[in-house]
Amino acid sequence: MKTWSTTTLPRLPIEHDGAPVRVHDTAGDRPVEVGGTDGRARLYVCGITPYDATHLGHAATYVTFDVLQRAWRDAGLQVTYVQNVTDVDEPLLERAERDGIAWQDLARREIDLFFADMEALRVLPPDHYVGAVEGIPDDVSAVERLLAAGTAYRVPVPQAEASAEGAGGADVYLDLSTQDSFGAVSGWTREQMLEVFADRGGDPQRAGKRDPLDPLLWRSARQGEPHWEGGSLGRGRPGWHIECSTIAQRYLGPAFDVQGGGTDLVFPHHEMSAVQAAALCGDDCFARAYVHQAMVGLDGEKMSKSKGNLVLVSRLRATGVDPMAIRLALLAQHYRTEWSWTDQILREAGERLDLWRRAADMAAHDSVTEPDASTVRRVRERIADDLDTPGALDAVDDWATTVAAGEPASRLVADAVDALLGVQV
Ligand code: 5CA
Ligand code: ZN
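Residues numbered from 1 in each chain as written. Chains lettered and ligands numbered in written order. Predicted model: local features only at pLDDT ≥ 70, side-chain atom pairs only at ≥ 80, totals over all residues. Heavy atoms only, no water.

Re the coordination of the zinc ion (ligand 2)
What counts, and what does not: We call an atom a donor if it is N, O or S and sits within 2.8 Å of the metal, or 3.2 Å for Na, K and Ca. Water is not counted, so some sites may look partial. Each label reflects the angles at the metal, where four donors whose angles all fall between 85 and 135 degrees are tetrahedral, four or six donors whose opposite pairs open beyond 155 degrees and whose other angles stay between 65 and 115 are square planar or octahedral respectively, and the rest are irregular. Only DSSP runs of H or I covering at least 4 residues are called helices, and only runs of E covering at least 2 are called strands; the numbering of each starts at the N terminus. Here the term buried applies to any residue with accessible area under 20% of the maximum for its type, exposed to any over 50%, and partly exposed to those in between, with areas from a 1.4 Å probe on protein chains only.
Note on the zinc ion (ligand 2): its protein donors are C46 (SG), C244 (SG) and H269 (NE2). The metal-donor distances range over 2.1 to 2.3 Å. Its four donor atoms give the zinc ion (ligand 2) angles of 102 to 118° at the centre, a pattern that matches the tetrahedral case. Within one chain, the residues serving as donors to the zinc ion (ligand 2) are arranged as C-x197-C-x24-H. Separated by 25 residues along the polypeptide, C244 in helix α6 (residues 240-252) and H269 in helix α7 (residues 266-281) bring together distant segments of the chain. When sorted by exposure, C244 lands in the same class as H269, which is buried.

A few points about the site of ligand 1
Note the cut-off: A cutoff of 4 Å decides nearness: a residue is near a molecule or strand if any of its heavy atoms lies inside that distance of it. Within 3.5 Å is the distance limit for a polar contact, defined as a pair of N or O atoms, with the added protein rule that one can donate a hydrogen and the other accept it, and that residues adjacent in sequence qualify only through two side-chain atoms. Per-residue and other accessible areas follow the Shrake-Rupley method at a 1.4 Å probe size, with only the shown protein chains counted as cover for residues.
Contacts to ligand 1 come from 24 residues, most closely from G47, T86, G262, D264 and K305. Side-chain polar atom of D264 to an oxygen atom of ligand 1: 2.6 Å apart, as the coordinates give it. Summarising the interface, the protein chains cover 95% of the accessible area of ligand 1, which totals 600 Å² for the free molecule. Among the elements of the structure, α1 (56-74), α6 and β10 (255-262) are those that each provide at least two residues to the shell around ligand 1. Top element by residues in the shell around ligand 1 is α1. It accounts for four residues.

Remarks on the pairing of strand β3 (residues 40-45)
For clarity, the cut-off: The rule for pairing is simple: two strands pair if DSSP sees at least two bridges between them. Clockwise travel from the first strand over the helix to the second, with the strands pointing away from the viewer, marks a crossover as right-handed.
For β3, the buried fraction is high: five of the six residues fall into the buried class. Strand direction decides the pairing type here: β3 and strand β4 (residues 78-85), joined by six bridges, are parallel. Bridge pairing links A41 to V79 in β4. Crossover connection from β3 via α1 to parallel β4: handedness right-handed. Here β3 pairs with β10 via three bridges, running parallel. Within the sheet, the bridge partner assigned to Y44 lies in β10 and is Q259.

Here we look at unusual backbone geometry
Cis geometry marks the peptide bond from F267 to P268; its omega dihedral reads 5°. With respect to the helices, strands and loops of the structure, P268 is situated in helix α7. Phi at D38 takes a positive value of approximately 60°, unusual for a residue other than glycine. Examined against the element boundaries, D38 turns out to sit in the loop between β2 (30-34) and β3. Phi is positive for F286, close to 75°, though the residue is something other than glycine. Among the structural elements, F286 can be located in strand β11 (residues 286-293). In this structure F286 comes out as buried when scored by relative accessible area, which is 1%.

Brief notes about the state of the cysteines
Two cysteines joined by a covalent bond between their sulfur atoms form a disulfide. Rules: Criterion for a disulfide: a pair of cysteine sulfur atoms within 2.5 Å.
In total, this model carries one disulfide according to the counting rule given. Across the disulfide from C281 sits C285; the S-S distance is 1.8 Å.

Points about helix α13 (residues 412-421)
Selection criterion: By the convention used here, residues are in contact when the closest approach between their heavy atoms is within 4.5 Å.
Within α13, nine of the ten residues are buried, which leaves the element mostly enclosed by the surrounding structure. For α13, the complete set of buried residues consists of L412, V413, A414, A416, V417, D418, A419, L420 and L421. Taken together, the buried residues of α13 touch α1, α9 (323-331), α10 (343-362), α11 (370-384) and α12 (389-404). Downstream of α13 by a residue or two, G422 has a phi angle that is positive, lying close to 75°.

Here we look at the sheet that holds β11
Definition in use: Axis definition: a line fitted to C-alpha atoms, over the contacting stretch in the case of helices. Angles run 0 to 180 degrees between N-to-C directions.
The five strands are arranged β5-β4-β3-β10-β11 in an open sheet whose pairing can be described as parallel. Two strands close off the open sheet at either side, each with one partner strand: β5 (128-131) and β11. Geometrically, the sheet is characterised by an average inter-axis angle of 20° between neighbouring strands, direction not taken into account. Taken strand by strand, α7 contacts β10 and β11, and its axis lies near 175° from that of β11.

With respect to the packing of α1 against α9
Counted only if it meets this: Each angle gets one of four labels, with under 35 degrees taken as roughly parallel, over 145 as roughly antiparallel, 65 to 115 as roughly perpendicular, and the rest as oblique. Residue polarity follows a fixed list, in which Ala, Val, Leu, Ile, Met, Phe, Trp, Tyr, Cys and Pro are nonpolar, Asp, Glu, Lys and Arg are charged, and the others, Gly among them, are polar.
Where α1 contacts α9, the axes come no closer than 10 Å and their chain directions differ by 80°. What the angle tells us is that α1 and α9 run roughly perpendicular. Taking contact as the criterion, the partners of L56, A59, A60, V63, D66, V67 and R70 in α1 are, on α9, I326, R327, L330 and L331. Broken down by class, the residue content of the contact of α1 with α9 amounts to eight nonpolar, no polar and three charged.

This is the structure in structure tokens:
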């Protein structure tokens, strides 16, 4: 699928010291170095389900992984970045039904709005932006392989539910008891898993499953639901998690550096996409690190499409808020700390942007000064340390304050702020 437009990425004239980027891996619950094997870095980030516009929680997630991609690029690595879009799934179908609009039209409209938001926030686009629908042939062959290996099983669909095209069909589930690595991503107990599974797209009550937690791989065609050719599986559509298992592996290979998303995806989504990948290609497959953005809230509650307590990027933009102030408001929070959006946070970001712009306008010195160079080193060092963007912002604040007070400076820091933080001053 076509993706959004890219923005310029200045190359910094200050040599990179080669220090690797460290991020917190949820699976190991510790910091790990990511990227750099063979001079490359491979990133998969779970994309939107396009049934409602980009809110600040989504924006925080994509800005966080944008900072990671920028750090890798600055270090001279060749980055391959893949993002999916869940362009067919329950929530999208339900919303389209509620609003009396074709699900394809709803998805297209929200994807276009998401692209406009990402461009405004200067998020670098992924190299491959892949729809769940596009990935169906790969899902079908993956599920066929799992059935052949005996790690998946069929559960017949009751006659009354099946559509004419799906008559006599069966859903397919992964048999988790065949997979030793299950639980390795979240580290959760079964009780913890069962507590949230139904709320997060799971179907623990489905009769005929061997384990209530077994994830759905293929949903046989139902009345009133879209369905696709599924080879020996019959007509139907893929379960949610298999989409990310197969898209990541097709575009990044069996193993890659980071799978990213919000903490709401730790279980079941990342746990299940990893265990399915392990069932397909072995325990060393899939991500070497799982990195999660903490939930962004509003008034103390998680911001979510289902709750409807949203602050939309597009709405802020429509009221004239500078997207760079929105980006700075997001960067002022550490990605692993939950926080709630407030007008005060946005106001402070606007003030910071003004200060940085004043300093950048005054930074007309011909050659790079020592404070310029040390500021860039500090920003790099803060970001490489588990994406400490608040620390990076402090470094730029210190620089901007002295420059606004008349210290000589060059354009270097403005270029670094652009290249590393994605903020144009
Ligand atoms: N399409 C799936 C992933 S395959 C999905 O979760 N879509 S989503 O539209 O619900 O969310 C898109 C991304 O934003 C996910 O990475 C999700 O974890 C993240 N996200 C959702 N809500 C928040 C929030 N309140 N704060 C931070 N990140 C969030
Ligand atoms: Zn995903």
